[in-house]
Amino acid sequence: MDASHQEALLLRQAVQLATDNVRSSGGPFGALVVAPDGRVFEGVNRVTANLDPTAHAEVTAIRAACQGLGTFDLTGATLYASCEPCPMCLSSALWARIGTVFFAADRDDAAGAGFDDAVFYDYFENPGGEDSIMPINRIGLGDDATEPFNVWLSTPDRIAY
C-alpha cells in the first residue's frame, strides 16, 4: 500500500472517530498520532464532556501517545486530524515535536459548523494589543522574575525539553 493511500485511510479513521464522538456527547473532532514504530493513539474532542477547554482531539491524542510511549518527545510521529488544528493544537504538536500533520476539513468548514477559530488566528498575528480579546501585561519583578530559571540552570539532573 502506498503512503498516500495509507495516509488517506488514517485520515478517514480520524474523521470516523470525530463522527462517533458526536454520538457520544463530544465535539465533532477526532485525531490520531502514529508513532514512528507504527503504533496508533487516538484522541477525540471532550471539551464539554470533561469541562476542559484544552481537551481538543489533537491534544488528547498527543497525551495518549506520550503516555503510551512513555515520553514527551514524539519526534518522527505523524498527527492525523479530522479538521485543521487550531493554534493551541498546532502549538501542542510543535511542543511534542510531531513531524508531520495531515487534516481533512479546514478552518472554514469548522466555522460553518459554529467553530470559528478566526479570532484566535488573528490574535496570534497581534497578541496582547490594547484592544485585544485578552491583553497580556508584564509586571517587572527584577531578579525575582528569573529566579526559577536560575534554579533550573543550577539543577544538574534536570530533564531538558
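A brief structural summary. Small disclaimer: the values here were computed from a predicted structure and weren't measured.

### Focus on the overall build of the protein chain
Point 1. Helix and strand counts for the protein chain stand at 7 helices and 4 strands.
Point 2. Secondary structure elements of the protein chain, listed N to C terminal, follow the sequence α-β-β-α-α-β-α-β-α-α-α.
Point 3. C-alpha atoms of the protein chain, sized along the principal axes, occupy 55 × 40 × 30 Å.
Point 4. Taken over 161 residues, the protein chain has a buried fraction of 30%.
Point 5. A separation threshold of at least 6 residues defines the contact pool for the protein chain, and within that pool the share at least 24 residues apart is 45%.
Point 6. Total accessible area computed for the protein chain in this model is approximately 10300 Å², and 56% of it derives from carbon and sulfur atoms.

### Some thoughts on the pattern of salt bridges
Two side chains bearing opposite charge may form a pair once their charged atoms approach each other closely.
Point 1. A full pass over the atoms with the stated rule returns 4 salt bridges.
Point 2. One salt bridge connects Asp37 with Arg39, and the closest N-O pair in it is separated by 2.9 Å.
Point 3. What makes Asp37 exposed here is its relative accessible area of 51%.
Point 4. Of the charged contacts, one joins Arg107 and Glu84 as a salt bridge, the two residues approaching to 2.9 Å between their closest N and O atoms. With Arg107 in helix H5 (residues 107-112) and Glu84 in the loop between strand S3 (78-83) and helix H4 (87-95), the pair connects residues that are 23 residues apart, well separated along the chain.
Point 5. Overall, Glu84 belongs to the buried group, its relative accessible area being 17%.

### Topic: helix H3 (residues 57-69)
Along an α-helix, residues three or four positions apart point the same way, because every turn accommodates 3.6 residues.
Point 1. Its 13 residues place the ends of H3 18 Å apart at the C-alpha level, agreeing with the 18 Å of an ideal helix rising 1.5 Å per residue.
Point 2. Positive backbone phi, at 70°, marks Gly70, one or two positions downstream of H3.

### Considerations on a negative patch on the surface
Point 1. A surface patch of negative charge is lined by Asp108, Asp109, Asp116, Asp122 and Glu125.
Point 2. Among the elements of the structure, H5 and helix H6 (118-125) are those that each provide at least two residues to the negative patch.
Point 3. Position of Asp116 among the secondary structure elements: in the loop between H5 and H6.
Point 4. What makes Asp116 partly exposed here is its relative accessible area of 48%.

### Describing the pairing of strand S2 (residues 40-44)
Point 1. Of the two faces of S2, the one lined by Phe41 and Gly43 is fully buried and the one lined by Val40, Glu42 and Val44 carries no buried residue.
Point 2. For strand S1 (residues 30-34) and S2, the ladder comprises 5 bridges, and the chain directions are antiparallel. Residue pairing for S2: Val33 is matched across the bridge by Phe41.

### Some points on the nonpolar core
Point 1. If you look at the biggest cluster of nonpolar residues, it comprises 18 residues, and the most contacted ones within it are Val33, Ile62, Leu74, Leu79 and Ile98.
Point 2. Elements with a minimum of two residues in this core: S1, H3 and S3.
Point 3. It is H3 that provides the largest number of residues to this core, a total of 5 residues.
Point 4. Every residue in contact with Leu74, bar those within four places of it in the chain, is listed here: Val33, Ile62, Ala65, Cys66, Leu69, Ala96, Arg97 and Ile98.
Point 5. Among the nonpolar cores identified, the runner-up in size contains 7 residues, and Leu11, Ala14, Leu17 and Tyr80 belong to it.

Reading guide: rules and limits
- Residues numbered from 1 in each chain as written.
- Predicted model: local features only at pLDDT ≥ 70, side-chain atom pairs only at ≥ 80, totals over all residues.
- Heavy atoms only, no water.
- Helix = DSSP H or I, 4+ residues; strand = E, 2+ residues; numbered from the N terminus.
- Buried < 20%, exposed > 50% of the residue type's maximum accessible area, 1.4 Å probe, protein only.
- Contact = heavy atoms within 4.5 Å.
- Areas by Shrake-Rupley, 256 points an atom, 1.4 Å probe, with all protein chains shown as cover.
- Salt bridge = Lys/Arg side-chain N within 4 Å of Asp/Glu carboxyl O.
- Expected span 1.5 Å × (residues − 1).
- Patch = residues over 30% accessible without salt bridge, like charges linked within 9 Å, V, L, I, M, F, W, Y side chains within 5 Å.
- Lys, Arg positive; Asp, Glu negative; His and termini not counted.
- Charge placed at Lys NZ, Arg CZ, Asp CG, Glu CD.
- Pairing = 2+ DSSP bridges.
- Core = buried A, V, L, I, M, F, W, Y, C linked by side-chain atoms within 4.5 Å.

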